[in-house]
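# Structural description and commentary
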Amino acid sequence: MTDLITLIAEPWQDYGLVDSGHGRKLERYGRFRFIRPEPQAMWAPASDSWEADGDFIGASDEDGGGRWHLSRDVPRGGWHVRWEEVLFTAQNTPFRHLAFFPDMAPQWEWMRGKVAEGDQVLNLFGYTGVGTLALAARGAAMTHVDASKKSVDAGKANAFLSDMADRPVRWMVDDAAKFAAREVRREKRYDGIFLDPPKFGRGPDGEVWKLEEGLPGLIADCRRLLDKDSKFLVLTVYAVRMSALAIGEVVRQALSDLGGRVEVGEMAVREEARGLLLPTAIFARWTR
């Protein structure tokens, strides 16, 4: 059974989509406000006058690029923000985002409702570890994998900030696809897996990742790491010309022998000014 839904990230104290329109969005991250390009904000904004502490000016090429223009008040080394029990560092990165993805909050909350103390959960392409720590706070034993040592180090630092440095988290600098394949050969199993693969990436040893080519095999390996007692798999995909129905079918076929249900759909953030929804990503997730 496949369900089509929309997951909506609502504003919280340290984050909100303030306004959007004319190809841009205004967001608050803690005490700062930033303007970033947003092609899907094709409507008119609620206000014609935005006040911000920084503005990301995108390059003309389709694959991104550009640079931040920041006020002198914005700490270049980042500042602390909080989601539930997780205290972490937000920062203006060269990739136009702020070192975490706030639209993931509904996924974190959903997975937190599935895990129990001691459950083994794998986070592939784990980035700065906010999702890892969100589940660790509920007692999950986490394995966090990312090819970037800088991102993994940021995750460890966030664990200290959140007073969770003693939680059972394996912080792994590794190519996610190769790590999953090795775990299959080791006959490991997990209670849950979540992964946020990029459109294109490189592993620590120069491994090349292309989403359209690598995703089916990676999901097949993830299936081999799950069993009849496993609880969930969550796949999110950003910035690609791909349908939620397509990635949902990949997940459905790979996990069909486990039964359960597959949900697919869009992720979105609710704008504070008018309550409209700004789409951000697509997802597919399986649960028993």
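From a predicted model like this one, the values you see are computed outputs, not experimental measurements.

### A look at the pattern of salt bridges
Between side chains of opposite charge, a pair can form when the charged atoms approach closely. All told, the structure shown has 23 salt bridges when counted by the stated rule. D19 serves as the salt-bridge partner of R274, at 3.4 Å between the closest nitrogen and oxygen. Placement of the pair is R274 in the loop between β16 (261–270) and β17 (277–287) and D19 in strand β2 (residues 15–21), with a sequence separation of 255 residues. Notably, a salt bridge pairs R252 with E249, separated by 2.6 Å at the nearest N-O pair. In this pair, R252 and E249 both sit in helix α6 (residues 244–255), three residues apart, roughly one turn of the helix. Within the structure, one salt-bridge network assembled from shared partners comprises E85, E109, R112 and R138.

### So, the packing of aromatic side chains
The full count for this structure, using the stated rule, is 14 aromatic pairs. For the ring pair F32 and W79, a centre distance of 5.0 Å and an interplane angle of 75° mean the geometry is edge-to-face. Pair noted here: F32 is in strand β4 (residues 32–37) and W79 is in strand β7 (residues 79–83), with a separation of 47 residues, a long-range link. Accessibility classification places F32 together with W79 in one group, the buried group. Here the aromatic rings of F56 and W68 are separated by 5.3 Å at their centres, their planes lie at 80°, and the arrangement is edge-to-face. With F56 in strand β5 (residues 54–58) and W68 in strand β6 (residues 66–70), this pair connects stretches of sequence that are 12 residues apart.

### Focus: the environment of D48
One can find D48 in the loop between β4 and β5. Residues D48 and H22 lie 26 residues apart in sequence; the distance between their C-alpha atoms is 9.9 Å.

### Points about the packing of helix α5 (residues 211–224) against α6
Viewed as axis vectors pointing N to C, α5 and α6 meet at an angle of 35°, and their least axial separation amounts to 9 Å. Relative to α6, α5 is oriented so that their crossing is right-handed. Side by side, α5 and α6 meet where L215, P216, I219 and R223 of the first sit next to I247, V250, V251, A254 and L255 of the second. Of the residues contributing to the contact of α5 with α6, the split by class is eight nonpolar, no polar and one charged.

### Quick word on the environment of F179
Relative to the helices and strands, F179 resides in helix α4 (residues 176–185). Overall, F179 belongs to the buried group, its relative accessible area being 1%.

### Let's talk about the packing of α4 against α5
One can describe the packing of α4 onto α5 by two numbers: an axis separation of 9 Å at closest approach and a directional angle of 35°. Note that α4 runs across α5; the crossing there is left-handed. Across from A176, A177, A180, A181 and V184 in α4, the residues of α5 making contact are L218, D221 and R224.

### With respect to the sheet that holds β5
In space, the five strands of this open sheet follow the order β2-β3-β4-β5-β6, with mixed pairing throughout. Each having just a single partner strand, β2 and β6 make up the two edges of the open sheet. The mean angle between the axes of side-by-side strands here comes to 20°, regardless of whether they run parallel or antiparallel.

About the criteria used
Residues take numbers from 1 onward in each chain, read along the sequence in its written order. Predicted model: local features are reported for residues with pLDDT of at least 70 only, side-chain atom pairs are reported and counted for 80 or more only, and whole-chain, interface and lining totals are derived from all residues. Only hydrogens and water are removed before side-chain values are computed, so all heavy atoms of the structure are retained for them. Criterion for a salt bridge: a side-chain nitrogen of Lys or Arg within 4 Å of a carboxyl oxygen of Asp or Glu. Working definition: helices are DSSP H or I runs of at least four residues, strands are E runs of at least two. Numbering for both runs from the N terminus. Centres within 6.5 Å are what make two rings of Phe, Tyr or Trp a pair, Trp counting through its six-membered ring; a difference in plane orientation under 30 degrees is then read as stacked, over 60 as edge-to-face, and the rest as tilted. Accessibility here uses a 1.4 Å probe with only protein chains present; expressed as a share of the type maximum, an area under 20% marks a residue as buried, one over 50% as exposed, and anything in between as partly exposed. Whenever a helix is involved, its axis is fitted only over the stretch in contact; in every case the axis is a line through C-alpha atoms, and angles between N-to-C directions fall within 0 to 180 degrees. Should the near helix be turned counterclockwise from the far one by less than a right angle, the crossing is left-handed, whereas a clockwise turn marks it as right-handed. Note on definitions: a residue-residue contact is assigned when non-hydrogen atoms from the two residues lie within 4.5 Å. Under the scheme applied, nonpolar residues are Ala, Val, Leu, Ile, Met, Phe, Trp, Tyr, Cys and Pro; charged residues are Asp, Glu, Lys and Arg; polar residues are all the others, including Gly. In short, DSSP must find at least two bridges between two strands for them to pair.

Note that every value here comes from positions in space, so none of it alone points to a role or purpose.
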